[in-house]
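Letter by letter, the chains look like this.
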Amino acid sequence: QVQLAESGGGLAQPGGSLRLSCAASGFTFSRYGMSWARQAPGKGLEWVSGIYSDGSVKYDADSVKGRFTISRDNAKSTVYLQLNSLKPEDTAVYYCNAVNVLTNGNYWGQGTQVTVSS
């Protein structure tokens, strides 16, 4: 029932851009904070960016600050991650996460691969 479906990953050149989407269903999207995390080859999961349920507050990891932008459209139950000025070290599987601290809801998507290479 609950589903977080990431899309938009692919191959990009250094300095290029991609736009990731995460379409949610099966829960009340507007009550959940949303975030993106990534896992690079041979490394652990790294938190990337988060946004409050109402979109009023955003947080970014230092590694992506100024380059990535998280946003959400509650009417479409979708969260986005705009990736600009991509670097090879951004290569990773990117995961969408939904959290509601009041209900202990915590959901993850299946991930979408981003590869940055010339």
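**A few points about the pattern of salt bridges**
Across all of its chains, the model carries 3 salt bridges by this definition. Residue Glu46 pairs with Arg38 through a salt bridge whose shortest N-O separation is 2.8 Å. Owing to a relative accessible area of 5%, Arg38 belongs among the buried residues under this scheme. In this structure, the salt-bridge partner of Arg67 is Asp90, at a minimum N-O distance of 2.7 Å. Separated by 23 residues along the polypeptide, Arg67 in the loop between strand 6 (58-60) and strand 7 (68-73) and Asp90 in the loop between strand 8 (78-83) and strand 9 (92-100) bring together distant segments of the chain. Classification of Arg67 as buried rests on a relative accessible area of 10%.

**Structural notes on the nonpolar core**
Within soluble globular proteins, side chains that are nonpolar tend to cluster in buried spots. In terms of nonpolar packing, the biggest core is built from 28 residues, with Met34, Trp36, Val79, Leu81 and Tyr94 touching the most fellow members. Every element with two or more residues in this core is listed here: strand 3 (18-25), strand 4 (33-39), strand 5 (45-51), strand 7, strand 8, strand 9 and strand 11 (112-116).

**Some details on the side chain of Ser35**
Positionally, Ser35 belongs in strand 4. We classify Ser35 as buried; its relative accessible area is 11%. Setting aside chain neighbours within four positions, we find Ser35 in contact with Trp47, Ser49, Gly50, Ile70, Tyr95, Cys96 and Asn97.

**Points about the sheet that holds strand 7**
Pairing in this open sheet of 4 strands is antiparallel, and the strands run 1-3-8-7 from one edge to the other. With one partner strand each, in any of the chains shown, strand 1 (3-7) and strand 7 form the two edges of the open sheet. Adjacent strand axes in the sheet meet at a mean angle of 15° when their direction is disregarded. Pairing of strand 3 with strand 8, which is carried by 6 bridges, proceeds in the antiparallel orientation. Each bridged residue has a counterpart across the sheet, and for Cys22 the counterpart in strand 8 is Val79.

**Some thoughts on the packing of aromatic side chains**
Scanning the model with the defined rule gives 4 aromatic pairs in all. A centroid spacing of 5.1 Å and a plane angle of 40° characterise the contact between Phe27 and Tyr107, whose relative ring orientation is tilted. Residue Phe27 is found in the loop between strand 3 and strand 4, and its partner Tyr107 is found in strand 10 (residues 105-108); the two are separated by 80 residues along the sequence. Of the residues examined, Phe27 reaches a relative accessible area of 15% and is grouped as buried. A residue is classified by how much of its surface remains accessible, and Tyr107, at 25% relative accessible area, is partly exposed. Three or more aromatic residues link up through ring pairs in this structure, and these residues are Phe27, Tyr32 and Tyr107. Arg19 extends its terminal NZ or CZ atom over the ring of Tyr80, reaching a point 4.3 Å from the ring centre. Residue placement shows Arg72 over the ring face of Phe29; its charged tip is 4.4 Å from the ring centre.

Calculation notes
Residues numbered from 1 in each chain as written. Predicted model: local features only at pLDDT ≥ 70, side-chain atom pairs only at ≥ 80, totals over all residues. Heavy atoms only, no water. Salt bridge = Lys/Arg side-chain N within 4 Å of Asp/Glu carboxyl O. Buried < 20%, exposed > 50% of the residue type's maximum accessible area, 1.4 Å probe, protein only. Helix = DSSP H or I, 4+ residues; strand = E, 2+ residues; numbered from the N terminus. Core = buried A, V, L, I, M, F, W, Y, C linked by side-chain atoms within 4.5 Å. Contact = heavy atoms within 4.5 Å. Pairing = 2+ DSSP bridges. Axes fitted to C-alpha atoms, helices over the stretch in contact; angles between N-to-C directions. Phe/Tyr/Trp six-rings, centres within 6.5 Å; stacked < 30°, edge-to-face > 60°. Lys NZ or Arg CZ within 6 Å of the ring centre and 35° of its normal.

Take it as geometry only, folks, not as evidence of what the structure does.
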